[in-house]
Each structure stands twice: as structure tokens, then as C-alpha cells.
Amino acid sequence: MSGTRGLVYAEPGAAPAVEEIVLDEPGPDEVRVRVQACGVCHTDLHVLESEGWHMRFPILLGHEAAGIVEAVGEGVTHVAPGDAVVVAWHVPCGRCRNCLRGDARRCADYLRGARKMRRAADGSRLTPVLRTGGFADALVVHASCAVPMPPALPLEQACLLACGFSTGAGAALWTTPVQPGSSVAVIGCGGVGLAVVQGARLAGAARIVAVDTVPEKLELALELGATEAVEPGAEVREIDFAFSAIGAPAGLVAAVRMLAYGGTACLVGVPPSGRTLDLDVELDLFARHATIAVSHGGDVVPQEDLPFLAQAALDGRLDLARFVTATCSLDEVPAALDALHAPTGVRTVALI
Ligand SMILES: [Zn+2]
Ligand SMILES: [Zn+2]
């Protein structure tokens, strides 16, 4: 097909630019999705600032997309043209040791589909970010990435389930399942931390302490389900589940030190490389009988979990709408990525 545009990062140091792309027809177990919305996530900024994040150039940016199925390849039965879908990137491979023993949440690999998008200018194959892409008019992805969404959920909200929202809510629901009546702390109330608050509320936590330096973020955390809001350094104790949703290792150290006996601290999001934890092994860990857990993208199994989150949003038990604080066009995405250096809202979503 022609007349399709995508946001391409052509080579190290190049500015991302919208250009014509060409999509191959979907083959067996593949689907073509007409993208309608794609969230602007930090991971794409990281791809730009790390000169491609070890990916092969040229790169098709975006990884938080939702849209409508346009065509399906042979053997695809779970979606049909016209269906609303979110395009998930965190899809278990089904073949690694953890998948084979039934623990797909800890899949040691990800499903890798063929690269089906090319630059119109020279025909070179594009590498889509997180095997999906998203800042494009249309995509071809492995069918397992296409997760059906209820038609009533607006696609600019559904797209958040592909990455940011699921990373936070999934940490509280599946990585470290919060127990009803338990106490929770969330350190860092950006988009991911606020989604942890929502997941903990959905799980039935009795006490949710939000920790951040920015008063506006704490206010939003209280509106989204936190029962207390404090600044970093405030004395917080007797927490059953403490989540660090900031990059700095100090967040995880603070989480451990808040724990009640037998509690669990969970690292959410990607930390900077080369940093270490400053913990007293006897007092902080052994005496508390503490567990430290790590979440990768909320450890979601997309085909099961994303429809559950979508239904919870439709039922009013999650507030996805509050997470979309700005929208932009495909052409405005480079500026929206740059604005992530000093974010003013929760999430900007490109409407495509
Ligand atoms: Zn696997
Ligand atoms: Zn993301």
C-alpha cells in the first residue's frame, strides 16, 4: 500500500522526521492495523538519546498504539477487519523456559515478528520500536500483539494500555499482587506511579501513600485513589507493598525502609545503568524479612490483562481519561517527545 506516513529516525544523530513508508501485506499470523492513537512515552525519547538503543537503523518510532484492524493474514481468528485493538509490545514468546512452565509473566524473551515496514525513499526495512512502532498511519504486526478492545473505550485512552498505564497498574495487580485491605506506598507520581495508585485501588488496598516532591502530582494522586500524600523523607512505616516508580535507586531504598515485617518492595520502570543500592543487609532486609521484586512493563500477559483493564475503565473502576492530558498530531510528535524533558501533564497522545 502507499500513501502511508510514519515517524522515522533514520540514523544516529538525525532528527526524527515524518516520511512516506510502505507496508508489506500481512502474512500468516500477522495483522495490519490502521493506527488512530499512539501515546508519547519516554522510551521513544530514550531511543533518540541513546542513538538507537542498540536497534538497527532506520527506526520507526512509537510503541503505544491503538487502532482498527484493516486486514488479517492466514490463520488469524481472534480479530477481524473492523475490530478495535491495542497494539501490545510485551507479548510472551511461548518458547522460553518460563513460558514453557506456564509462567508467561516472566517470559525471558519477547515475541519477535518479522519487520514489515519499509522507507518509501529507498526501500530499507524499518525496525519498529519494541517490535511494534506506532507513530504511523498503519502497521503490520504479529497477530499476538493485536489485543481486542471493547468498542466503547475511546482509542486515545485504550492506547495507554499498551505501555505506560499497564506498567504501573500491572505492577500492583500482577508483579506484586496487592492484597485487599493492605497498605501500599508509591514513590514517584508521574504517569507510571499514578497508574500504580490506580492498580492498588482496584486491588482493594486500604491505605495508599503517595510520595512526590511536586504538589500538583500529589493532588492528582489523591484524586486517583491515594489516601495520603507526603513529600520524600516523611516518615512512612508499616507498608505491605512499596513501589518505586522513579529511576533513581534511592526510590527502591526508601521503599524497602517503609516496609512492615514480611513486606515487598517493587522496582517499576527502567533504572539508569551502573547504579547500586545502599541497603543494610541485616537491618533493612533480614530484620524486615523483606522481599524485593522487579517488574518488567507490569508483567502483563496482554491478551488476558489488557481486556480486563479496558473493562475496568469502562466500569469506572479505573480512570484512564485522567491520564490523557494533551493530544497532538503525527507531525507534532517530535516536539512532544522533546517536551518530555520537562513534562507538564501525565500523557500526550498523538491522534493519527
Ligand atoms: Zn517466553
Ligand atoms: Zn512506553
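Here is what the cut-offs are and how they apply
- Here the residue numbering is sequential within each chain, running from 1 through the sequence in written order.
- For this description, chains carry letters from A and ligands carry numbers from 1, given in the order in which they are written.
- With pLDDT at 70 or above as the cut-off, local features in this predicted model cover only qualifying residues; side-chain atom pairs require 80 or more to be listed or tallied, and sums for whole chains, interfaces and linings still use all residues.
- Side-chain figures throughout are based on the complete set of non-hydrogen atoms in the structure, without hydrogens or water.
- Any N, O or S atom lying within 2.8 Å of the metal counts as a donor, and for Na, K and Ca the limit rises to 3.2 Å; water is left out, so some sites can look incomplete.
- Labels for metal geometry use angle windows, namely 85 to 135 degrees for all angles of a four-donor tetrahedral site, and for square planar (four donors) or octahedral (six donors) sites opposite donors over 155 degrees apart plus all others within 65 to 115; sites meeting none of these are irregular.
- Counting from the N terminus, the helices are DSSP H or I runs at least four residues long and the strands are E runs at least two residues long.
- Burial status follows relative accessibility: with a 1.4 Å probe on protein chains alone, a residue under 20% of its type maximum counts as buried, one over 50% as exposed, and anything between as partly exposed.
- This arc is taken over the directions from the axis of the helix to the C-beta atoms.
- Within this scheme a cavity is a closed region of a 1 Å grid, computed over the protein atoms alone, that accommodates a 1.4 Å probe without allowing it to escape, whereas a pocket is open but has protein on both sides within 12 Å along at least five of seven lines; lining residues each have an atom within 4 Å of a point.
- Grid points are joined across faces, edges and corners, and a volume is the space filled by probe spheres set on the points.
- Gly falls in the polar group here, along with every residue not listed as nonpolar (Ala, Val, Leu, Ile, Met, Phe, Trp, Tyr, Cys, Pro) or charged (Asp, Glu, Lys, Arg).
- By the counting rule applied here, Lys and Arg register as positive and Asp and Glu as negative, while His and the ends of each chain are not counted.
- When a carboxyl oxygen of Asp or Glu lies within 4 Å of a side-chain nitrogen of Lys or Arg, that pair is called a salt bridge.
- Under the rule applied, a polar contact is a pair of N or O atoms within 3.5 Å (in protein, one hydrogen donor and one hydrogen acceptor; residues adjacent in sequence only if both atoms are side-chain atoms).
- Working rule for contacts: check all heavy atoms of both residues, and any pair within 4.5 Å makes them a contact.
- Any Phe, Tyr or Trp ring, taking Trp's six-membered ring, that has another such ring centre within 6.5 Å forms a pair; planes under 30 degrees apart are called stacked, those over 60 apart edge-to-face, and the others tilted.
- In this description, a nonpolar core means a group of buried Ala, Val, Leu, Ile, Met, Phe, Trp, Tyr and Cys residues linked to one another through side-chain atoms lying within 4.5 Å.
- Angles here are taken between N-to-C directions and fall from 0 to 180 degrees, while the axes themselves are lines fitted to C-alpha atoms, restricted in helices to the stretch in contact.
- Just so you know how the angles are binned, under 35 degrees is roughly parallel, over 145 roughly antiparallel, 65 to 115 roughly perpendicular, and the rest oblique.

Chemist: Go over the coordination of the zinc ion (ligand 1) with me, naming the residues and quoting the values.
Modeler: For the zinc ion (ligand 1), every protein donor is listed as Cys-93 (SG), Cys-96 (SG), Cys-99 (SG) and Cys-107 (SG), and the spread of their distances is 2.3 to 2.4 Å. Of note is the zinc ion (ligand 1), whose 4 donor atoms meet at the metal with angles of 102 to 120° in an arrangement that counts as tetrahedral. Spacing between the donor residues of the zinc ion (ligand 1) along their common chain follows C-x2-C-x2-C-x7-C. With Cys-96 in the loop between strand 6 (84-87) and helix 2 (97-100) and Cys-107 in the loop between helix 2 and strand 7 (117-119), the pair connects residues that are 11 residues apart, well separated along the chain.

Chemist: Residues and numbers for helix 6 (residues 215-223), please.
Modeler: Leu-218, Leu-220 and Ala-221 are the residues of helix 6 that are buried. End-on view of helix 6: buried residues confined to an arc of 160°, all on one side of the axis. Opposite the buried face of helix 6, by more than 90 degrees, sit the exposed residues Pro-215, Glu-216 and Glu-219. Taken from the residues just after helix 6, Gly-225 is the one with a positive phi, measuring 135°.

Chemist: Would you mind going over empty space enclosed by the protein in detail, with residue names and values included?
Modeler: Summed over the entire model, instances satisfying the criterion amount to 1 cavity of 30 Å³ or more. Empty space within the largest cavity amounts to approximately 40 Å³. As for the largest cavity, its lining consists of Ala-88, Trp-89, His-90, Leu-161, Ala-162, Cys-163, Ser-166, Thr-167, Gly-297, Val-300, Pro-302 and Leu-306. Its residues assigned to classes, the lining of the largest cavity shows 8 nonpolar, 4 polar and no charged.

Chemist: Pulling in residues and values, what's your account of the coordination of the zinc ion (ligand 2)?
Modeler: Geometry sets the ideal angles at a metal, namely 109.5 degrees for four tetrahedral donors and 90 or 180 degrees for six octahedral donors. Around the zinc ion (ligand 2), the donor atoms from the protein are Cys-41 (SG), His-63 (NE2) and Cys-163 (SG), and they sit 2.1 to 2.2 Å away. Spacing between the donor residues of the zinc ion (ligand 2) along the chain follows C-x21-H-x99-C. Here His-63 lies in the loop between strand 4 (59-60) and strand 5 (65-72) and Cys-41 lies in the loop between strand 3 (30-39) and helix 1 (42-49), a separation of 22 residues in the sequence. By relative accessible area, which is 0% here, His-63 ends up buried.

Chemist: Which residues make up the side chain of Asp-137, and what are the values?
Modeler: Mapped onto the fold, Asp-137 is located in the loop between strand 8 (127-128) and strand 9 (138-142). The side chain of Asp-137 sits in the buried core without any salt bridge; Arg-5 is the nearest counter-charge, 4.5 Å away. A polar side-chain atom of Asp-137 sits 2.7 Å from the main-chain amide nitrogen of Arg-5. Not counting residues within four places of it along the chain, the set of residues in contact with Asp-137 comprises Gly-3, Thr-4, Arg-5, Val-33, Arg-34, Val-35, Leu-330 and Ile-352.

Chemist: Give me the packing of aromatic side chains: which residues, what numbers.
Modeler: Tallied over the full model, the rule gives 4 aromatic pairs. Residues Tyr-9 and Phe-57 carry aromatic rings whose centres are separated by 5.0 Å and whose planes lie at 75° to one another, so their mutual orientation is edge-to-face. Residue Tyr-9 is found in strand 1 (residues 4-9), and its partner Phe-57 is found in the loop between helix 1 and strand 4; the two are separated by 48 residues along the sequence. Overall, the relative accessible area of 22% leaves Phe-57 in the partly exposed class. Taken together, a centroid distance of 6.1 Å and an interplanar angle of 70° make the contact between Trp-174 and Phe-308 edge-to-face. Remark: Phe-308 occurs in helix 9 (residues 302-314) and Trp-174 occurs in helix 4 (residues 164-175); sequence separation between them is 134 residues. The exposure class assigned to Trp-174 is buried, which follows from its relative accessible area of 17%.

Chemist: Describe the nonpolar core, naming the residues involved and giving the relevant values.
Modeler: Met-149 and Phe-243 are the most contacted members of the largest nonpolar core, which has 105 residues in total. Among the elements that line this core, the one with the most residues is helix 5 (residues 191-203), at 7 residues. Among the nonpolar cores identified, the runner-up in size contains 17 residues, and Ile-187, Val-211, Val-253 and Leu-267 belong to it.

Chemist: Go over the packing of helix 4 against helix 9 with me, naming the residues and quoting the values.
Modeler: Contact geometry of helix 4 with helix 9 gives a least axis separation of 12 Å together with a crossing angle of 100°. Judged on the interaxial angle alone, helix 9 and helix 4 are roughly perpendicular. Residues Ser-166, Leu-173 and Trp-174 of helix 4 pack against Asp-305, Leu-306, Phe-308 and Leu-309 of helix 9. Classifying every residue of the contact of helix 4 with helix 9 gives 5 nonpolar, 1 polar and 1 charged.

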